[in-house]
Amino acid sequence: MAHHKIVFSGPVGAGKTAAIAAVSDTPPISTEARASDSIREIKAATTVAMDYGLLRLDGGEQIHLYGTPGQERFNFMWQILSEGALGLVLLVANHRPQPLADLRCYLDAFRPFIDQARLAVGVTYMDQSAEPRLEDYHRTLAEAGIKAPVFEVDARERRDVALLVQALLLSLDPGVGGDLAI
Ligand SMILES: Nc1nc2c(ncn2[C@@H]2O[C@H](COP(=O)(O)OP(=O)(O)O)[C@@H](O)[C@H]2O)c(=O)[nH]1
Ligand SMILES: [Mg+2]
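Residues numbered from 1 in each chain as written. Chains lettered and ligands numbered in written order. Predicted model: local features only at pLDDT ≥ 70, side-chain atom pairs only at ≥ 80, totals over all residues. Heavy atoms only, no water.

### Considerations on the nonpolar core
Thought 1: One finds Leu-88, Leu-103, Leu-107, Leu-119 and Leu-141 to be the most contacted residues of the largest nonpolar core, which totals 23 residues.
Thought 2: Where this core is concerned, the elements lending two or more residues are strand E5 (87–93), helix H3 (99–109), helix H4 (111–116), strand E6 (118–124) and helix H5 (134–143).
Thought 3: A per-element tally of this core places H3 first, with four residues.
Thought 4: Excluding residues within four positions of it along the chain, Leu-88 makes contact with Val-7, Ser-9, Phe-110, Phe-113, Ile-114, Arg-118, Leu-119, Ala-120 and Leu-168.
Thought 5: By size, the runner-up hydrophobic cluster in this structure holds 22 residues, among which are Ala-14, Ile-63, Val-89 and Leu-169. (Core = buried A, V, L, I, M, F, W, Y, C linked by side-chain atoms within 4.5 Å. Buried < 20%, exposed > 50% of the residue type's maximum accessible area, 1.4 Å probe, protein only. Helix = DSSP H or I, 4+ residues; strand = E, 2+ residues; numbered from the N terminus. Contact = heavy atoms within 4.5 Å.)

Given below as structure tokens:
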């Protein structure tokens, strides 16, 4: 049976832990710890090592989902987690002060990986902030010379996250990506 891996990344609070929990077919594993320093203003607990979930496709394939910690000081985990992954889901929270700068920062950080894998961008918190718009994200990607699908997602909604994962899988080799139960 084929096993594949997708990495979720993005700033603290963008919805990585929620997205993996929403879409996982097994109880998600999360390594939350009491937030330190500036993060506490955003939320009380934050992911320190990784999130993990498992998605089963109709064809029997299994997609392992790994979420990175958002804090910069855990950057070393990003490379470890993306080793051998099919692609990257970047989540960006639209209600943050500079969401397009957040996107650019993560595109830079993951650039070597993005150049040899696939990318899908999920914009969360559009319920709280309508700006910037999806076309602004498309423009930011185009300026970086990257082609990737961009979706509005609520990370708490299985359907939204499943569509994003599906978009990533569909841009992959046709051998992968049996239907997802959305
Ligand atoms: N209003 C709103 N809340 C969201 C959305 N996506 C995620 N959340 C919430 O945002 C909070 C932070 O999400 P979390 O998954 O912990 O972020 P992480 O730091 O990226 O792992 C959680 O309470 C989520 O339920 C969204 O699109 N809109
Ligand atoms: Mg988290």
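### A word on helix H2 (residues 75–82)
Thought 1: Restricting attention to buried positions, one finds in H2 the residues Met-77, Trp-78, Leu-81 and Ser-82. An end-on view of H2 places all buried positions within 120° of arc, on one side of the element. Residues of H2 that are exposed and point over 90 degrees away from its buried face: Gln-79 and Ile-80.
Thought 2: A positive phi of about 75° marks Gly-84, the residue just after H2. (Arc of directions from axis to C-beta.)

### Notes on the pairing of E5
Thought 1: With seven of seven residues buried, E5 is to be regarded as a mostly interior element.
Thought 2: Residues Gly-87, Val-89, Leu-91 and Ala-93 point to one face of E5 and Leu-88, Leu-90 and Val-92 to the other, with burial holding for every one of them.
Thought 3: Of the pairings in the sheet, the one linking strand E1 (residues 3–9) to E5 comprises four bridges and is parallel in character. The partner of Ile-6 across the bridge, within E5, is Gly-87.
Thought 4: Alignment of E5 against E6, held across seven bridges, turns out to be parallel. (Pairing = 2+ DSSP bridges.)

### Some remarks on the environment of Asn-94
Thought 1: Turning to its location among the elements, Asn-94 is positioned in the loop between E5 and H3.
Thought 2: What makes Asn-94 buried here is its relative accessible area of 1%.
Thought 3: Spatially, the C-alpha atoms of Asn-94 and Pro-132 are 6.9 Å apart, while their sequence positions differ by 38 residues.
Thought 4: Dropping the residues within four chain positions of it, Asn-94 is found in contact with Pro-99, Val-123, Thr-124, Tyr-125, Met-126, Ser-129, Ala-130, Glu-131, Pro-132 and Tyr-137.
Thought 5: A polar atom in the side chain of Asn-94 sits 3.0 Å from the backbone oxygen of Pro-132.
Thought 6: Within the structure, Asn-94 has its side chain in polar contact with the side chain of Tyr-137 (distance 2.6 Å). (Polar contact = N/O pair within 3.5 Å; in protein donor to acceptor, adjacent residues only side chain to side chain.)

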